[in-house]
Amino acid sequence: MLILAIETTCDETGLALVDFRVDADADEVKILAEELRSQFSLHRKYGGVVPILASRAHRKNLPILYERIKNKFDLKKIDAIAFAVGPGLPPALIAGKEFVIKIAEELDKKIIPVNHMCGHLYSVLVAKKKKAVWQKLKKIIFPALGLVVSGGHTELLAMDSLTRFKKLGETLDDAVGESLDKAGRLLELPYPGGPNLEKLALRGKPFFSLPQPMSRQKSFNFSFSGLKTALAEKVDELKKINRFNQEIKQDLACSYQKATFESLIFKLKSAAENFQPKSILVSGGVSANLTLRKFLIKIFPKKKIFFPAKGLETDDGVKVALAGYFALKNKIELKESFSLDIDSNLDL
Ligand code: KG4
Ligand code: ZN
């Protein structure tokens, strides 16, 4: 099955052409083409994604990236177009939707509406993000817990299979990535804060004590806004006494990251006690964080933990194709171009 996939939910314009070999349930994938244009430099000076600029950039990038794939492959041969219809920024999704409608009509193909978060969830399946090589999809033993930690979402799932799962909890305010990005801004790091905070934290020590959000609540929900407020107050105090220097910033970064990850692991541990999963699937942009990965492996030595392959953590077309493939396997209803809808708050 050949799927052309399009991602425009936030600040990455991603296209991919992915071949799924389904004969005898071989579950192999081959990434035939991938085009990705990041908008980091565009949003950097604003310290976060500006939706209308993201939409404008998608409109500019989509035809360019599409042409590149079209020049190399006969797109009349694809089975369907997978498109991430949400969750995401409405102007960015609308830009994607208009483009998808246009090419669906041009190629006379149907559209697989996919949930962007499912793309993250399935991103753990591909062994290595290499082009032009057939990759076996990783075999996961169920039941499993799924933890999706991205810039916009933090979701904890109990999974019976890749297509049957229920949400146990989510963030009540900031997402983990958002929280790390805000902390990055407080520590005067360039956007996006997450990866830069990780680097800075490696040079620091967790000397500052910060609150442990939601540790008294029985639910599996998360909350990170209090942690960010606590950091903002510490930064203010330190600035007042002229101690907000590089060394202190390193220690603050290390303390903040530790408190954030401890809060994630606290809920994950209690979910693991309840649901006795055989595997844990950790995905989303924040899963690129090596400190988090090491922490998880140390806490759950007996569980099989699956992370995305390097380069498959953040948004791109490949994971939209994966979500499209599993949506088709799950017999989702395909859309004609006229019936395509976006949903900026789409739930898992
Ligand atoms: O999944 P993603 O690409 O976009 C959304 O769907 O939101 O995630 C982006 C988020 C950003 O908040 C970014 O700071 C964070 O992932 N991120 C990281 C790292 N790399 C990306 N956070 C911590 N450590 C990293 N190495
Ligand atoms: Zn994402």
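Nothing here was measured: the structure is a model prediction, and the numbers come from that model.

Engineer: Tell me about the overall build of the protein, and please be specific about residues and values.
Structural biologist: Looking only at helices and strands, the protein features 10 helices and 11 strands. Its C-alpha atoms give the protein a radius of gyration of 20 Å, within 12% of the compact-globule value 20 Å for 348 residues. Its C-alpha atoms give the protein principal-axis dimensions of roughly 65 × 45 × 35 Å. Split into buried and exposed, the 348 residues of the protein put 54% on the buried side. Intrachain contacts of the protein at a sequence separation of at least 6 include 76% that bridge at least 24 residues. Roughly 15,700 Å² of accessible area belongs to the protein as shown, and the carbon and sulfur atoms make up 52% of that amount.

Engineer: Lay out the pattern of salt bridges in plain terms, naming residues and giving numbers.
Structural biologist: Opposite charge on two side chains permits them to pair, given that their charged atoms come into close proximity. Evaluated as defined, the whole model comprises 21 salt bridges. Its salt-bridge partner being Arg21, residue Glu28 comes within 3.0 Å of it at the nearest N-O pair. Judged by its relative accessible area of 34%, Arg21 falls in the partly exposed class. For Arg59, the salt bridge is made with Glu98, and the minimal N-O distance between the two is 2.7 Å. In this pair, Arg59 is assigned in helix 2 (residues 51-72) and Glu98 in helix 3 (residues 90-107), connecting sequence segments 39 residues apart.

Engineer: Can you tell me about the site of ligand 1, naming the residues and giving the values?
Structural biologist: Around ligand 1 sit 19 residues, and of these His120, Gly151, Asp181, Glu198 and Gly285 come closest. Here an oxygen atom of ligand 1 and a side-chain polar atom of Asp181 are 2.6 Å apart. One of the side-chain N or O atoms of Asn289 is found 3.1 Å from a nitrogen atom in ligand 1. About the coverage of ligand 1: the protein hides 88% of its 550 Å² of free accessible area. Most atoms of ligand 1, that is more than half of them, are within 2 Å of grid points of the largest pocket. Elements with a minimum of two residues in the shell around ligand 1: helix 4 (116-122), helix 5 (176-186) and helix 6 (193-201). Taken together, the residues of the shell around ligand 1 break down into 5 nonpolar, 11 polar and 3 charged.

Conventions and cut-offs
Position labels on residues start from 1 in each chain and follow its written sequence. Following the order in which they are written, the chains are lettered starting with A and the ligands numbered starting with 1. pLDDT decides what is reported in this predicted model: residues at 70 or higher carry local features, side-chain atom pairs at 80 or more are listed and counted, and totals for whole chains, interfaces and linings draw on all residues regardless. The side-chain values count all of the structure's non-hydrogen atoms but skip hydrogen atoms and water molecules. Secondary structure elements follow DSSP: runs of H or I of four or more residues count as helices, runs of E of two or more count as strands, with numbering from the N terminus. Here the radius of gyration uses the C-alpha set of atoms, whereas the globule reference equals 2.2 Å times the residue count to the power 0.38. Classification of residues uses two cut-offs on accessible area relative to the type maximum, computed with a 1.4 Å probe and protein chains only: under 20% is buried, over 50% is exposed, and between them is partly exposed. Here, residues are in contact when the closest pair of their heavy atoms is within 4.5 Å. The method behind every accessible area is Shrake-Rupley, applied with a 1.4 Å probe, and residues are considered shielded solely by the protein chains displayed. Salt-bridge detection follows one rule: a side-chain nitrogen of Lys or Arg within 4 Å of a carboxyl oxygen of Asp or Glu. Only a single heavy atom is needed: when it lies within 4 Å of a molecule or strand, its residue is near that molecule or strand. Counting of polar contacts relies on pairs of N or O atoms within 3.5 Å, with two restrictions inside protein: one atom must be capable of donating a hydrogen and the other of accepting it, and residues adjacent in sequence are counted only when both atoms are side-chain atoms. Cavities and pockets were defined on a 1 Å grid built over protein atoms only: a cavity is a set of grid points that admits a 1.4 Å probe from which the probe cannot escape, a pocket is an open set flanked by protein on both sides within 12 Å along at least five of seven lines, and lining residues are those with an atom within 4 Å of any such point. Here the criterion for a molecule occupying a pocket or cavity is that more than half of its atoms lie within 2 Å of the pocket grid points. Ten residue types, Ala, Val, Leu, Ile, Met, Phe, Trp, Tyr, Cys and Pro, are classed as nonpolar, four, Asp, Glu, Lys and Arg, as charged, and the remainder, Gly among them, as polar.

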